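Residue-level structure breakdown
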Amino acid sequence: MQHIKYLILSTLVLNMLSCGFLEDKTKDNEAMAVTVQDTTAQNVPTDGYIVTPHVAHPKFKALSAAFETQEHRFEIDRCEFKYNGKSFFFKETYDDIIKIFGKPNEAPIYTFDEELYSIKYKELKLTVVFTSGTNSFMALSLRVSDYKGHEDTPYKIVMFRKTPYHLDMTLNEFMELSDLQHGSTLKHDTAAFYIINEQICDSKLKTGTGIGSTPNYHSTGVGHVTIRGEFNPESTGPIKNFSIGLE
């Protein structure tokens, strides 16, 4: 699991780098050294889990129909990914990805150990991570919103686990459209949420998925003496990115 989280964090950090959040090699190294803290998930399913969309939800049909009218259509599932109906998969090569998205905006960015590198499609808010040795697709991050918001994002809806996410939704609003639940099928640390024990398509591959919405906590006190309390599942913000990576 630690390797999975490393890949997810690598994807996010590399995405931040290309957006100008981190400016030099030292900061890159420090960011890559971050480890995910202990999470609060309990009662985790042990027989594998697949996110199930709530297709009967009143908003589901309209959002799905609106998704189909978009110029840029991203579908992020457990194993298969689609862009405008064109499928791509883990372990495909750099050249395979280029055939779908075209050449990236900038030169590849390498991790400090040079084992991974990422390419960035700025207009699509997409970062794709590859292994350096085999040039195999290992992880991706779709940063639908950044510090400027999503005013320049060229799509409004992303299909994530066959569930439509509109950019204005909070995490909890999105969770109403599926069977994801806090503390059981969705865990978190202080930075993001993670889908846990999700069944994979190939038993030889293990994946980890991150949902970039910052968890909120109950707090006591005021000013500099504020103390963070228990996680507050009733209050969530918008999702800023979706990430998935191979172990």
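Residues numbered from 1 in each chain as written. Predicted model: local features only at pLDDT ≥ 70, side-chain atom pairs only at ≥ 80, totals over all residues. Heavy atoms only, no water.

1. Side note on the overall build of the chain
For the chain, the count of helices and strands is 5 helices and 15 strands. Considering only residue pairs separated by 6 or more positions, the chain has 59% of its internal contacts joining residues 24 or more positions apart. Accessible surface, the chain as shown: approximately 12400 Å² in total, 51% of it carbon and sulfur. (Helix = DSSP H or I, 4+ residues; strand = E, 2+ residues; numbered from the N terminus. Contact = heavy atoms within 4.5 Å. Areas by Shrake-Rupley, 256 points an atom, 1.4 Å probe, with all protein chains shown as cover.)

2. Quick look at the sheet that holds strand E3 (residues 86-89)
If you walk across this open sheet you meet the 5 strands as E3-E2-E1-E8-E9, and the pairing is mixed. At either end of the open sheet lies a strand with only one pairing partner, and these are E3 and strand E9 (163-166). Ignoring strand direction, the axes of neighbouring strands in this sheet form an average angle of 25 degrees. Note: strand E8 (residues 157-160) against E9, 4 bridges, orientation antiparallel. Counted as the bridge partner of Met 159 is Pro 164 from E9. (Pairing = 2+ DSSP bridges. Axes fitted to C-alpha atoms, helices over the stretch in contact; angles between N-to-C directions.)

3. Thoughts on the nonpolar core
Grouped together as the largest cluster of nonpolar side chains are 49 residues, with contacts concentrated most on Phe 74, Ile 76, Phe 88, Phe 101, Leu 126, Phe 137 and Ile 211. Beyond its immediate sequence surroundings of up to four residues, Ile 211 is in contact with Phe 160, Leu 171, Leu 186, Ala 192, Phe 193, Ile 195, Ile 239, Asn 241 and Phe 242. (Core = buried A, V, L, I, M, F, W, Y, C linked by side-chain atoms within 4.5 Å. Buried < 20%, exposed > 50% of the residue type's maximum accessible area, 1.4 Å probe, protein only.)

4. Describing the packing of aromatic side chains
All told, the structure shown has 22 aromatic pairs when counted by the stated rule. With a centroid separation of 5.5 Å and an interplanar angle of 65 degrees, the aromatic rings of Phe 74 and Tyr 155 are classed as edge-to-face. Residue Phe 74 is located in strand E1 (residues 74-76), and its partner Tyr 155 is located in the loop between strand E7 (137-143) and E8; the two are separated by 81 residues in the primary sequence. Each member of the pair, Phe 74 as well as Tyr 155, carries the same accessibility label: buried. Plain terms: the ring middles of Tyr 165 and Phe 174 are 5.5 Å apart, the flat faces sit at 90 degrees to each other, and that makes the pair edge-to-face. Owing to a relative accessible area of 0%, Tyr 165 belongs among the buried residues under this scheme. (Phe/Tyr/Trp six-rings, centres within 6.5 Å; stacked < 30°, edge-to-face > 60°.)

5. Describing the pattern of salt bridges
A full pass over the atoms with the stated rule returns 5 salt bridges. We note a salt bridge from Lys 162 to Asp 77, for which the minimum N-O separation is 2.3 Å. With Lys 162 in the loop between E8 and E9 and Asp 77 in the loop between E1 and strand E2 (80-83), the pair connects residues that are 85 residues apart, well separated along the chain. Since its relative accessible area comes to 54%, Lys 162 is described here as exposed. Here Arg 161 and Glu 198 are joined by a salt bridge, their closest N and O atoms 2.6 Å apart. Of this pair, Arg 161 sits in the loop between E8 and E9 while Glu 198 sits in the loop between strand E11 (193-195) and strand E12 (207-211), and the two are 37 residues apart along the sequence. For the pair shown, Arg 161 and Glu 198 are each scored as buried. Among the charged side chains, a network of salt bridges with common partners joins Lys 125, Asp 146 and Asp 152. (Salt bridge = Lys/Arg side-chain N within 4 Å of Asp/Glu carboxyl O.)

Without other data, these values stay purely geometric and don't point to any function.
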